[in-house]
Amino acid sequence: MPESAQSTDDILVRVRDLHFARGSRKIFDGVDLEIRRGKVTVIMGPSGTGKTTLLRLIGGQLKPQTGQIWVDGEEVPKLKHDQLYRLRKRMGMLFQSGALLTDLSVFDNIAFPLREHTKLPESMIRDLVLMKLQAVGLRGARDLMPSQLSGGMARRVALARAIALDPTMIMYDEPFAGQDPISMGALVQLIRLLNDALGLTSIIVSHDVQEAAAIADYIYLLSDGKIVEHGTPEALNHSSSPWVSQFMHGLPDGPVPFHYKAVAYRDDLLAET
Amino acid sequence: MNVIGWLQQLGRTGLGVFERLGRGHLFLAQILASLPSLLTRPRLVIAQVHSVGVLSLVIILVSGLFVGMVLGLQGYNTLVDFGAEESLGVVVALSLVRELGPVVAALLFAGRAGSALTAEIGLMKATEQLSGMEMMAVDPIKRVIAPRFLAGFLSMPLLAAIFSAVGVMGGYFVGVGLLGVDSGAYWSQMQDKVDLHEDIYNGVIKSIVFGFVATWIAVFEGHDAVPTAEGVSRATTRTVVHTALAVLALDFVLTALMFGEV
């Protein structure tokens, strides 16, 4: 991030020297990143680098061993239960599975956060839900149950639910994984559109390089528990680092070898069993 | 396996058991702390009383009837040798109110409602619905767990009472209807010998304790389940097994405390 353009108020999420381990397995080993307000920031990295874990840390569902996580001026790991829940009303999160409540219809799923957190009359809740559904193009699907939705539709419903309380920021966990080209296109457009129209701040965790790079304002590349590179999509596309280049262009072999660590092929085949 | 390895395994298992026990109690403390918030939202509890209690009624009614009928038959066969078949009502009522009502109802409750609670909560966890609620700033303990716990706790004593009442009717059908015990004797002896404090209150206390423990185990196992298909299936099994063991062991303890010192 260019130092000159940086002002404190401009940054919604700040992560400093984050360390996190599950058992003996280190997941983050000193991560620093800053998410600017109003921007779409993409965090990319190979599978299994803890991208989802990062979102859970920002959302306060996990606590780091050391390091600081600031969201909108509050230090997340130090918040008390009530303060954390108050902060979460300003965050939306889109889970990879959608995480829709399976015993409620599409309409009731989107009404759920409104009914839980507001005392709005039912007629107003109806209007709000229909507005959110219209925004994701699924107003006609309001009476369906989650089990009747396709993967792409479920994710759009979850998106409508995530914006139901008009949050400041929204976190997407692998929004493009396993989508067909059409729903992928719809999601890409939707994320950008919602971000700009509602003045949101979006954090996307993804390994779909092309789609993510298409809507990103800024990209962080995560590998082996560290941020290896960050910059605008153009800057990363023309990066001189061989690792970044391999990742951004999806080359099968390079600094990240095609083969998982193993003994020599010949020795393995000839080994006595 | 060598001795050291065996000892290590024992230690690990022991630590694991105590860790789970500790987590279970912390979880219970969280649930109890969330109960007051339910006062403002009784609808959540009512919906759960329906799925936990009302939907268990059929199995409780049918089982109660048959258990009562068996008691009538067996009791009559024993009593008739002593010419005491007039006391059949006492035998049936005391067996049901003191023991079989609370215990069998709790075992059925674990099988019908406890397993359902565990599976439901476990699957909600596995499909990230609980996580999703947390991120929507809705506390799943308050919204999902506490209403289910309270519903189970309230339903169980009522189910046990219904079980006992239906059982007494079952004993009456067999004893009076089929085997010719005098109807007046059946009821009057029962009225005479079954004590409100000694028998009925103690039975109710048992069913309250069993309801508490059975529901606690069910919601804890669901919330603590490994979030996979296999994990949920294991948790459901554990609910039924642990509840059965806990109920039977507690029944002995409670019986010893209530009726032991005579």
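Residues numbered from 1 in each chain as written. Chains lettered and ligands numbered in written order. Predicted model: local features only at pLDDT ≥ 70, side-chain atom pairs only at ≥ 80, totals over all residues. Heavy atoms only, no water.

## Here's the deal with the interface of chain B and chain A
Tallying the contact residues gives 16 residues for chain B and 22 residues for chain A. Roughly 1,700 Å² is buried in total at the junction of chain B and chain A, and carbon and sulfur atoms are behind 54% of that figure. Linking chain B with chain A are three salt bridges. Linking chain B with chain A are twelve residue pairs in polar contact (both at pLDDT 80 or more). Put simply, the parts of the chain that give the side of chain B that touches chain A at least two residues each are helix H5 (129–135) and helix H6 (140–178) of chain B. When the residues that make up the side of chain B that touches chain A are grouped by side-chain class, the tally is seven nonpolar, four polar and five charged. (Contact = heavy atoms within 4.5 Å. Buried area = accessible area lost by both parts, 1.4 Å probe. Salt bridge = Lys/Arg side-chain N within 4 Å of Asp/Glu carboxyl O. Polar contact = N/O pair within 3.5 Å; in protein donor to acceptor, adjacent residues only side chain to side chain. Helix = DSSP H or I, 4+ residues; strand = E, 2+ residues; numbered from the N terminus. Nonpolar A, V, L, I, M, F, W, Y, C, P; charged D, E, K, R; others polar.)

## Focus: the packing of aromatic side chains
All names here are of chain B. By the definition in use, this model includes ten aromatic pairs over all chains. When the centroid spacing of 5.7 Å and the interplanar angle of 55° are considered together, the rings of Phe 27 and Phe 220 count as tilted. Remark: Phe 220 occurs in helix H8 (residues 196–224) and Phe 27 occurs in helix H1 (residues 3–34); sequence separation between them is 193 residues. As far as burial versus exposure is concerned, Phe 27 and Phe 220 are alike and both buried. Through a chain of ring-to-ring contacts, three or more aromatic side chains come together here, namely Phe 149, Phe 153, Phe 212 and Trp 216. (Phe/Tyr/Trp six-rings, centres within 6.5 Å; stacked < 30°, edge-to-face > 60°. Buried < 20%, exposed > 50% of the residue type's maximum accessible area, 1.4 Å probe, protein only.)

## Regarding the sheet that holds strand E6 (residues 91–94) of chain A
All names here are of chain A. Within the open sheet, the six strands sit side by side as E6-E7-E8-E3-E9-E10. Their pairing is mixed. The two strands at the open ends of the sheet, each matched to only one other strand, are E6 and strand E10 (226–231). With direction set aside, neighbouring strand axes in the sheet form an average angle of 15°. Relative to strand E8 (residues 201–206), strand E7 (residues 169–173) runs parallel, the two being bridged by five bridges. Residue Met 171 lies in a different strand from E8, and its bridge partner there is Ile 203. Seen against the sheet, helix H5 (residues 151–162) touches E6 and E7 and runs at an angle of roughly 170° to E6. (Pairing = 2+ DSSP bridges. Axes fitted to C-alpha atoms, helices over the stretch in contact; angles between N-to-C directions.)

## A word on the pairing of strand E4 (residues 66–71) of chain A
Residues and elements named next belong to chain A. Here five bridges tie strand E1 (residues 11–22) to E4, and the two strands are oriented antiparallel to one another. Paired with Val 15 across the two strands is Ile 69, which belongs to E4. Of the pairings in the sheet, the one linking E4 to strand E5 (residues 74–75) comprises two bridges and is antiparallel in character. The residue bridging Trp 70 from the neighbouring strand is Glu 75, located in E5.

## Describing the sheet that holds strand E2 (residues 25–36) of chain A
All names here are of chain A. Spatial strand order, E2-E1-E4-E5: four strands in an open sheet with antiparallel pairing. The open sheet is flanked by E2 and E5, the only strands paired with a single partner. Set on the sheet, helix H1 (residues 51–58) makes contact with E1, E2 and E4; between it and E1 the angle comes to about 120°.

## Some words on the pattern of salt bridges
Inspection of the entire model under this criterion finds 29 salt bridges over all chains. When the shortest N-O distance is used, the salt bridge between A:Asp10 and A:Arg36 registers 2.7 Å. One end of the pair, A:Asp10, is in the segment before E1; the other, A:Arg36, is in strand E2, and 26 residues separate them in sequence. The shortest N-O distance in the salt bridge between B:Arg20 and B:Asp224 comes to 2.6 Å. Taken together, the residues span a long stretch of sequence, with B:Arg20 in helix H1 and B:Asp224 in helix H8 at a distance of 204 residues. On the basis of relative accessibility, which here comes to 18%, the residue B:Asp224 falls in the buried class.

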